[in-house]
Amino acid sequence: MGLPLTTLASPPARYNVDDSRPGITPQVYLNDQLNDCVIAARAHHNVRLAYVPGAPVLDISPTEIADEYHLEAGPFNLGIVLGKSLSRWRDHGWKAGGFLRRIESCTGPLSITGAGMLAGDATKDLDLLQLKTCIIQHIGVQIDLNLPASITVNDKKTYGPDAPWTSTSLPPLVTNRHVMLFTGYDEGGFTGITWGALQYMNLAFLQKYYTGIYWVQYDASTSP
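The structure contained in this document is the topic of the report that follows.

1. Considering the packing of helix α1 (residues 37–49) against helix α2 (residues 62–73)
Phase 1: At a minimum axis separation of 9 Å, α1 and α2 run at an interaxial angle of 135°. With respect to each other, α1 and α2 are oriented oblique. The handedness of the crossing between α1 and α2 comes out as right-handed. Of α2, the residues touching α1 (which contributes I39, R42 and A43) are I65, E68, Y69 and E72.
Phase 2: Of the residues assigned to the contact of α1 with α2, the class counts are four nonpolar, no polar and three charged.

This is the structure we're talking about:
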């Protein structure tokens, strides 16, 4: 169970976590080699949670990424469920940059389409103001998605700064599940990081293809 969310009365029209964290650059974190988008999103998030102005940016090694992925995915590489992985980050931590790092709490899956109220628990719902607040207050949010078949790491023309995700013509695929960290937003949509690239998606795309939204609360061990 996470901490209560305090909604900002008027978040800025545009915001990006990295604007106040110079020196952070998108990395792949083996996401083009392993099916490790959950761990890659965690790495992107932990780098930002651990950021200290004037200090070196947290360096998470490929070995640390691979070790955590294989630990959580198991010997048959069956993939990782985001909610369970965040709980493990909270309860057991992971080694990143040579230190064991934990979060204090995690909250999700949350909805922006009213699914929580329909299921009888409106506390699982966020409006757009609250989602933007989460990105600001919790230094990004993690998004679970079922992408359409047209978007894949194997085709670089389908993602990155030159390929904004705006088309909603194809159905979501459970077999094309993906996780990414949202680091910012503007009036039309959201910016995140996936497969080592900055990725923009408009609100319509997010509403169609997301399956859950998660935010975390860091503690002292997240940035020792």
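Now that the structure has been shown, we can carry on.
2. So, α1
Phase 1: For α1, built from 13 residues, the straight-helix expectation of 18 Å at 1.5 Å per residue is met to within 8% by its first-to-last C-alpha distance of 18 Å.
Phase 2: Counting buried positions along α1 yields 13 of 13 residues, so the element is predominantly enclosed.

3. As for the state of the cysteines
Working definition: the covalent bond between the sulfur atoms of two cysteines is a disulfide.
Phase 1: Scanning the entire structure with this criterion turns up zero disulfides.
Phase 2: The thiol of C37 is not disulfide-bonded; the next cysteine sulfur, from C106, is found 17 Å away.
Phase 3: The thiol sulfur of C134 is not disulfide-bonded, and the nearest other cysteine sulfur, from C106, lies at 13 Å.

4. Side note on the layout of surface pockets
Phase 1: The volume enclosed by the second largest pocket comes to roughly 170 Å³.
Phase 2: Within the residue set of the lining of the second largest pocket, elements represented by two or more residues are α1 and β6 (177–185).

5. Thoughts on the pairing of strand β5 (residues 141–146)
Phase 1: Most of β5 is tucked away: six of the six residues are buried.
Phase 2: Alternating residues of β5 divide into V141, I143 and L145 and Q142, D144 and N146, and every residue in both groups is buried.
Phase 3: Pairing of β5 with β6, which is carried by six bridges, proceeds in the antiparallel orientation. Note that in β6 the partner of I143 across the bridge is M180.
Phase 4: Looking at chain direction, β5 and strand β9 (residues 210–218) are connected through four bridges and run antiparallel.

6. Some words on the environment of C37
Phase 1: In this fold, C37 is placed in helix α1.
Phase 2: Put simply, C37 and R177 are 140 residues apart on the chain and 9.2 Å apart in space, counted from C-alpha to C-alpha.
Phase 3: With residues up to four places along the chain from it excluded, the contact list for C37 reads N31, R177, H178 and V179.

7. Considerations on the packing of α1 against helix α3 (residues 82–91)
Phase 1: Relative to each other, α1 and α3 sit at 45°, their axes nearing to 11 Å. In terms of orientation, α1 and α3 fall into the oblique class. As α1 packs across α3, the resulting crossing turns out to be right-handed. Mapping the contact onto sequence places V38, I39, R42, H45, N46 and L49 in α1 and L82, S85 and W89 in α3.
Phase 2: The residue makeup of the contact of α1 with α3, split by class, is five nonpolar, three polar and one charged.

8. Overview of empty space enclosed by the protein
Phase 1: All told, the structure shown has one cavity of 30 Å³ or more when counted by the stated rule.
Phase 2: Size it by volume and the largest cavity reaches roughly 40 Å³.
Phase 3: If you go around the largest cavity, the residues you meet are Q27, V28, N31, C37, A40, A41, H44, V179, I193, T194, W195 and G196.
Phase 4: Where the lining of the largest cavity is concerned, the elements lending two or more residues are α1 and β7 (189–194).
Phase 5: It is α1 that provides the largest number of residues to the lining of the largest cavity, a total of four residues.
Phase 6: Tallied by class, residues from the lining of the largest cavity come to seven nonpolar, five polar and no charged.

9. Considerations on the side chain of K132
Phase 1: Mapping K132 onto the fold places it in helix α5 (residues 128–137).
Phase 2: One buried charged side chain, K132, makes no salt bridge at all; its nearest oppositely charged neighbour is D186, positioned 7.5 Å away.
Phase 3: Residue contacts for K132: discarding those within four places in its chain leaves P11, Y185, D186 and F190.

10. Things to note about α2
Phase 1: If you check α2, its first and last C-alpha atoms are 16 Å apart, about what 12 residues at 1.5 Å a residue would give, namely 16 Å.
Phase 2: Taken residue by residue, α2 has E64, I65, A66, E68, Y69, E72 and A73 as its buried positions.
Phase 3: As for α2, its buried residues are in contact with α1, α3 and β2 (94–96).

Parameters at a glance
- Residues numbered from 1 in each chain as written.
- Predicted model: local features only at pLDDT ≥ 70, side-chain atom pairs only at ≥ 80, totals over all residues.
- Heavy atoms only, no water.
- Axes fitted to C-alpha atoms, helices over the stretch in contact; angles between N-to-C directions.
- Helix = DSSP H or I, 4+ residues; strand = E, 2+ residues; numbered from the N terminus.
- Parallel < 35°, antiparallel > 145°, perpendicular 65-115°, else oblique.
- Left-handed = near helix turned anticlockwise from the far one by under 90°.
- Contact = heavy atoms within 4.5 Å.
- Nonpolar A, V, L, I, M, F, W, Y, C, P; charged D, E, K, R; others polar.
- Expected span 1.5 Å × (residues − 1).
- Buried < 20%, exposed > 50% of the residue type's maximum accessible area, 1.4 Å probe, protein only.
- Disulfide = S-S within 2.5 Å.
- 1 Å grid on protein atoms, 1.4 Å probe; cavity = no way out; pocket = protein on both sides within 12 Å on 5 of 7 lines; lining within 4 Å.
- Points joined across faces, edges and corners; volume = space filled by probe spheres on them.
- Pairing = 2+ DSSP bridges.
- Lys, Arg positive; Asp, Glu negative; His and termini not counted.
- Salt bridge = Lys/Arg side-chain N within 4 Å of Asp/Glu carboxyl O.

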